[in-house]
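Given next are the chains, with one letter for each unit.
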Amino acid sequence: MRKKIVAGNWKLNNNQQETTALISALKAKGSFTGVEVKVAPTSIHLAQAVAELNDSAIEVIGQNMHQATHGAFTGEISVGMLQSIGVNSVILGHSERRAYFNETDEALAQKVSTAVDHDMEVVFCFGEELEDRKADNHFAVVEGQLRKALFGLNPTDWKYIVLAYEPVWAIGTGETASPEQAQEMHAFIRNLVAEAFGAAIAENVAILYGGSVKPANAQEIFSKPDVDGGLIGGAALNADDFFAIVHSI
Ligand code: PEP
């Protein structure tokens, strides 16, 4: 059976003290079963979060990494740097990185390749803009993003891949894809992976939904057969809300 995952992306939020406070609140929520729980603090708090969550089942993951393993790339973070502090999973391709930091499909293909070559799990984000959906172009956009960044992988690399479908129009907007829209896209994605890499890989890959998931809508979205969990932004900043979502699985 494939994994269920709930991951919280903290983005550019929480100073050091706030990071500790949120981690304490999450730990106080107690245990969970049948689901992998991950949180992605900002990079300067990753080592602190790893230490503070050491005795917990919550995994700390990165929000981004560079495609090069080292060199003259001021301000960037490498796969080896993440792994040296105990971070073995990273979000790549978030729509905010694509929109505000010019991350192209080509750069993302390189980042994914570097990650999997170093046994790093990738939570790979992709999704269409509102205009794409209005123009009924959303399937083609998603297919293009996946083909360009992931379809050059070897079949064996797929054990490191978690997919996160995040329609851009639903991120941080309060607007959620309906459970039916999410299921329709997730089934389409799984079918694409099956055609390219075979049924076994497609059956095993977790496909998360992201975009204004809240305690009030999580259960219905997660009940769909091809939705294997969520990537959570705003609601991940509150321990009660985040754990309500975790327990919705
Ligand atoms: C996200 O940033 O990945 C996200 C899904 O954000 P939100 O839950 O706030 O829409």
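A brief report on the enclosed structure follows. (Residues numbered from 1 in each chain as written. Predicted model: local features only at pLDDT ≥ 70, side-chain atom pairs only at ≥ 80, totals over all residues. Heavy atoms only, no water.)

A look at the overall build of the chain
Here is the rule we go by: Labels follow the DSSP assignment, with helices taken as runs of H or I lasting at least four residues and strands as runs of E lasting at least two, numbered in each case from the N terminus. The size measure is the radius of gyration over C-alpha atoms, and the globule rule it meets is 2.2 Å times the number of residues to the 0.38 power. Each residue is assigned to one of three classes by its accessible area relative to the maximum for its type, calculated with a 1.4 Å probe on protein chains only: buried under 20%, partly exposed between the two thresholds, exposed over 50%. Residues count as neighbours in contact if any of their non-hydrogen atoms are within 4.5 Å of one another. Here the Shrake-Rupley method, with its probe set to 1.4 Å, supplies the accessible areas, and only the displayed protein chains count as covering residues. Residues scored as positive are Lys and Arg, those scored as negative are Asp and Glu, and His as well as the terminal groups of each chain are ignored. Taken as the charge location is NZ of Lys, CZ of Arg, CG of Asp or CD of Glu.
A count of helical and extended segments in the chain gives eleven helices and eight strands. Its C-alpha radius of gyration of 17 Å places the chain within 12% of the 18 Å reference for a compact globule of 249 residues. Each principal axis of the C-alpha distribution contributes one length, and for the chain these read about 45 × 45 × 35 Å. With 249 residues in all, the chain has 51% of them scored as buried. For the chain, contacts bridging at least 24 residues in sequence account for 72% of all contacts bridging at least 6. A total of about 10,900 Å² of accessible surface is found on the chain, and carbon and sulfur atoms cover 50% of it. Averaging the positions of the 18 positive and the 31 negative side-chain charges in the chain gives two centres separated by 2 Å.

Looking at the pattern of salt bridges
Put simply, the test is: Salt bridge, as used here, is a side-chain nitrogen of Lys or Arg placed within 4 Å of a carboxyl oxygen of Asp or Glu.
Scanning the model with the defined rule gives 20 salt bridges in all. Here R97 ties to E103 by a salt bridge, and the two come within 3.1 Å at their closest N and O atoms. E103 gets classed as buried once you look at its relative accessible area, which sits at 9%. Notably, a salt bridge pairs E128 with R133, separated by 2.7 Å at the nearest N-O pair. Owing to a relative accessible area of 0%, E128 belongs among the buried residues under this scheme.

Considerations on the packing of aromatic side chains
Counted only if it meets this: Here is the rule: rings of Phe, Tyr and Trp (six-membered ring for Trp) pair when centre to centre is within 6.5 Å. Planes less than 30 degrees apart are stacked, more than 60 are edge-to-face, and the remainder are tilted. Only when the NZ atom of a Lys or the CZ atom of an Arg is both within 6 Å of the ring centre and within 35 degrees of the ring normal do we say a charge sits over the ring.
In total, this model carries nine aromatic pairs according to the counting rule given. Centre to centre, the rings of F124 and F126 are 6.0 Å apart; their planes meet at 20°, and the pair counts as stacked. Given a relative accessible area of 2%, F126 falls into the buried group. Among the aromatic side chains, those forming a connected cluster through ring pairs are F124, F126, Y165 and Y209. Taking the ring centre of F101 as reference, the NZ or CZ of R97 above it sits at 4.1 Å.

What about unusual backbone geometry?
The phi dihedral of N14 is positive, around 80°, even though this residue is not glycine. With respect to the helices, strands and loops of the structure, N14 is situated in the loop between β1 (5-9) and α1 (16-28). The backbone of D136 sits at a positive phi, close to 60°, despite the residue not being glycine. Relative to the helices and strands, D136 is located in the loop between α6 (130-134) and α7 (138-150).

Focus: the pairing of strand β2 (residues 36-40)
Looking down a regular strand, the side chains alternate between one sheet face and the other. To be explicit about the condition: Two strands qualify as a pair provided DSSP detects at least 2 bridges between them. A crossover gets the label right-handed when its path from the first strand over the helix to the second runs clockwise, viewed with the strands pointing away from the viewer.
Where burial is concerned, most of β2 is hidden: four out of the five residues are buried. Strand direction decides the pairing type here: β1 and β2, joined by five bridges, are parallel. Following the sheet pairing, A7 is matched in β2 by K38. Once you follow β1 into α1 and on to β2, the crossover reads as right-handed. In terms of strand pairing, β2 meets strand β3 (residues 59-60) through two bridges, oriented parallel. In the sheet register, V39 faces β3, and the bridge partner there is V60.

Some words on the nonpolar core
Convention followed: Throughout, nonpolar core names a set of buried Ala, Val, Leu, Ile, Met, Phe, Trp, Tyr and Cys residues whose side chains join them through atoms within 4.5 Å. Throughout the structure description, domain borders are defined by an automatic or database domain assignment.
Membership of the largest hydrophobic core comes to 66 residues, with the highest contact counts inside it found for F124, L146, L150, W158, L163 and F242. Among the elements that take part in this core, helix α8 (residues 179-197) stands out by supplying six residues, more than any other. If you count residues domain by domain, this core takes at least three from each of domain 1 (10-36 + 45-60) and domain 2 (62-74 + 88-120 + 128-173). In this view, F242 contacts V6, A7, G8, L26, V37, K38, V39, I232, A235 and A236; residues no more than four positions away in its chain are not counted. Within the second largest apolar cluster, twelve residues are counted, among which are A7, A40, V162 and L231.

Considerations on the site of the ligand
Test applied: Throughout this document, a residue counts as near a molecule or strand when at least one of its heavy atoms sits within 4 Å of that molecule or strand. Pairs of N or O atoms are called polar contacts if they sit within 3.5 Å, as long as, within protein, a hydrogen donor faces a hydrogen acceptor (for residues adjacent in sequence, only side-chain-to-side-chain pairs). Lys, Arg, Asp and Glu make up the charged group, whereas Ala, Val, Leu, Ile, Met, Phe, Trp, Tyr, Cys and Pro make up the nonpolar group; the residues left over, Gly among them, are polar.
Taken together, 13 residues surround the ligand, and among them K11, E166, G172, S212 and G234 come closest. Here H94 contributes a side-chain N or O atom positioned 2.9 Å from an oxygen atom of the ligand. Between the ligand and the protein, one listed contact pairs an oxygen atom with a side-chain N or O atom of E166 at 2.6 Å. Summarising the interface, the protein chains cover 97% of the accessible area of the ligand, which totals 290 Å² for the free molecule. In terms of residue class, the shell around the ligand is built from four nonpolar, seven polar and two charged.

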